[in-house]
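# Architecture at a glance
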Amino acid sequence: MANQTVAPPVEREGWSKYGRAPAWAISLGVVVVVVVLAALFDFWATTFVVGATENAPLVLAAFGFALLYRLTGLLNVAYAETITLGAYFAVWMNNSWGLGFYVVLLPAGLLAGVLSVVTYLAIFRYAKGRRVGNLEMIVISFGLSIFLQHGLQFVFGYRRRAFDIPPPNTIEVFGVGVSSFRLLALASVAALTTIVYQFIQRTSYGLQIRALASNEGLAQASGVRPLRVTILIWFVAGLCGGLAGVFYGAGASVESFLGIDELLLILLVVLVGGIWGLLGVVVVGMATGVALTGITLEYGNSLYAELVLVVAFLGVLKFRGRRLTDASKV
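Model, not experiment: these values are computed from the prediction.

Ranked by internal contacts, the top residues of the largest apolar core, which has 87 residues, are Phe65, Leu67, Tyr79, Phe163 and Phe313. Here the element with the most residues in this core is helix α3 (residues 56-72); it accounts for 13 residues.

This part takes up helix α11 (residues 258-273). Between its first and last C-alpha, α11 extends 23 Å over 16 residues, near the 22 Å set by a 1.5 Å rise per residue. Maximal helix bending in α11 amounts to about 40 degrees, located at Leu264. When α11 is considered as a whole, its buried residues turn out to be Leu258, Gly259, Leu263, Leu265, Ile266, Leu268, Val269, Val270, Leu271, Val272 and Gly273.

Attention now goes to helix α5 (residues 101-129). Its 29 residues give α5 an end-to-end C-alpha distance of 40 Å, which sits within 8% of 42 Å, the value for a rise of 1.5 Å per residue. Tyr120 marks the point of greatest bend in α5, at about 40 degrees. Backbone geometry just after α5 places Arg131 at a positive phi near 60 degrees.

Looking at chain direction, strand β1 (residues 170-173) and strand β2 (residues 176-179) are connected through 4 bridges and run antiparallel. Bridging across to β2, Val173 finds its partner in Val176. Taking the residues between adjacent antiparallel strands as the criterion, β1 and β2 are bridged by 2 residues, where Phe174 takes a positive phi near 55 degrees.

Once that is clear, we can look at the environment of Val246. Position of Val246 among the secondary structure elements: in helix α10 (residues 226-251). Judged by relative accessible area, Val246 falls into the buried class, the value being 0%. Each C-alpha atom of the pair Val246 and Ala108 lies 7.5 Å from the other, and the pair is 138 residues apart in sequence. Setting aside residues up to four positions removed in sequence, Val246 forms contacts with Gly86, Ala87, Ala90, Phe101, Leu105, Ala108 and Phe163.

Between α3 and helix α12 (residues 277-299), the shortest axis-to-axis distance is 9 Å and the interhelical angle comes to 150 degrees. As far as their axial angle goes, α12 and α3 are roughly antiparallel. The hand of the α3/α12 crossing is right-handed. Across the interface between the two elements, Leu58, Val59, Ala62, Phe63, Ala66 and Leu67 from α3 touch Leu278, Val281, Val282, Gly285, Met286 and Thr288 from α12.

So, how was this worked out
- Residues numbered from 1 in each chain as written.
- Predicted model: local features only at pLDDT ≥ 70, side-chain atom pairs only at ≥ 80, totals over all residues.
- Heavy atoms only, no water.
- Core = buried A, V, L, I, M, F, W, Y, C linked by side-chain atoms within 4.5 Å.
- Buried < 20%, exposed > 50% of the residue type's maximum accessible area, 1.4 Å probe, protein only.
- Helix = DSSP H or I, 4+ residues; strand = E, 2+ residues; numbered from the N terminus.
- Expected span 1.5 Å × (residues − 1).
- Bend = angle between axes of the 7 residues up to and from the residue.
- Pairing = 2+ DSSP bridges.
- Contact = heavy atoms within 4.5 Å.
- Axes fitted to C-alpha atoms, helices over the stretch in contact; angles between N-to-C directions.
- Parallel < 35°, antiparallel > 145°, perpendicular 65-115°, else oblique.
- Left-handed = near helix turned anticlockwise from the far one by under 90°.

Next up, the structure:
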C-alpha cells in the first residue's frame, strides 16, 4: 500500500521561490516606490492610479495562466477563450435577465472555471493519455481556440455587445478619478492573489500541488491524486480568466476576439514574472499596466506602448534564456 504522506516538493524554478524573501522584497519595494512617486508627482499619480486600475484584468488573467503553466508546462492558447467566455456569460446574463454587473460577476467566473475543467477533461487529458507531445498540445490548444472563437460568433453573432448598466460611481485616488468597476477589479486581483497564494502555501492541497509540479511520479507514489489536484488548478485558472474577461468587457465591449487580443501580453507577463514565481507574475503584471499607461500618456499611442513593452520582455527572456516548452505534466 502506498504511503499516504505527501513527499516534500522538489526544488523547481517558479514554485520553489514562493516563500523566499526576494519576491516579497521586490513586491514591497515596487509598491513603496510607486506610492511615493504617486504622492509627489501628478504625472506619476495619474500613471499609477490609471495603470493599476485599468490593467488589473491583465494581472488577473496572467495569474490564472501562470497557475496552468507552472503545473502543466503547457502554453494553453485556448485560455484566451476562457477570458472571452467569462465576458460573454456576464453580458448575456446582464442583457437577457437584467441582472446587475455585481450580480453576474461571480457566476460568470464560476461558469468559466467549469468550462475550463471541461476542456481539460475532454481534450487535454485525453490527448496526454494518448502520449501527445508538448508541441502538439500547443497546436491542439491553438485549434481549440479557433474553434471556440467561431463557436462564440455562431452563438452570439458578430456584433459587439455592451453591458446594460448605469454609469459607475467615480472615486478619487491621489486626486485621480477612478470608476468603481476599476477599483473592484483591482480589489479582486489582491483578494484572489492572497487567497490562492495562502492556499498553495498553507493547505494540504497546496502541498500536493507543489509536489505534483515538482515531480509527478514521486507525488503519485506518496499518495497524491493528480486528477483531483489538476482539476482544481484548471478550475481556479478558469475562474481568474473568466473574471478578467468580465472586467475587460465592462471597460469596453464584448466580442469574440476579446481574449486573443490580450493573450500576447498575458503570455509575456507570465514568462517574465514567472522567473520569480507567482508573486513575480503579479508584480510584473502591475508594472506592465503602469508602464502601458505611462508610455501612452507620454506619447499618445497605446500601440507604441505595447511594442516597447514586447521588445523589453523579449530582451529579458533572451537574457534569462527561458525555455518556452517545459515538459508537460497534464
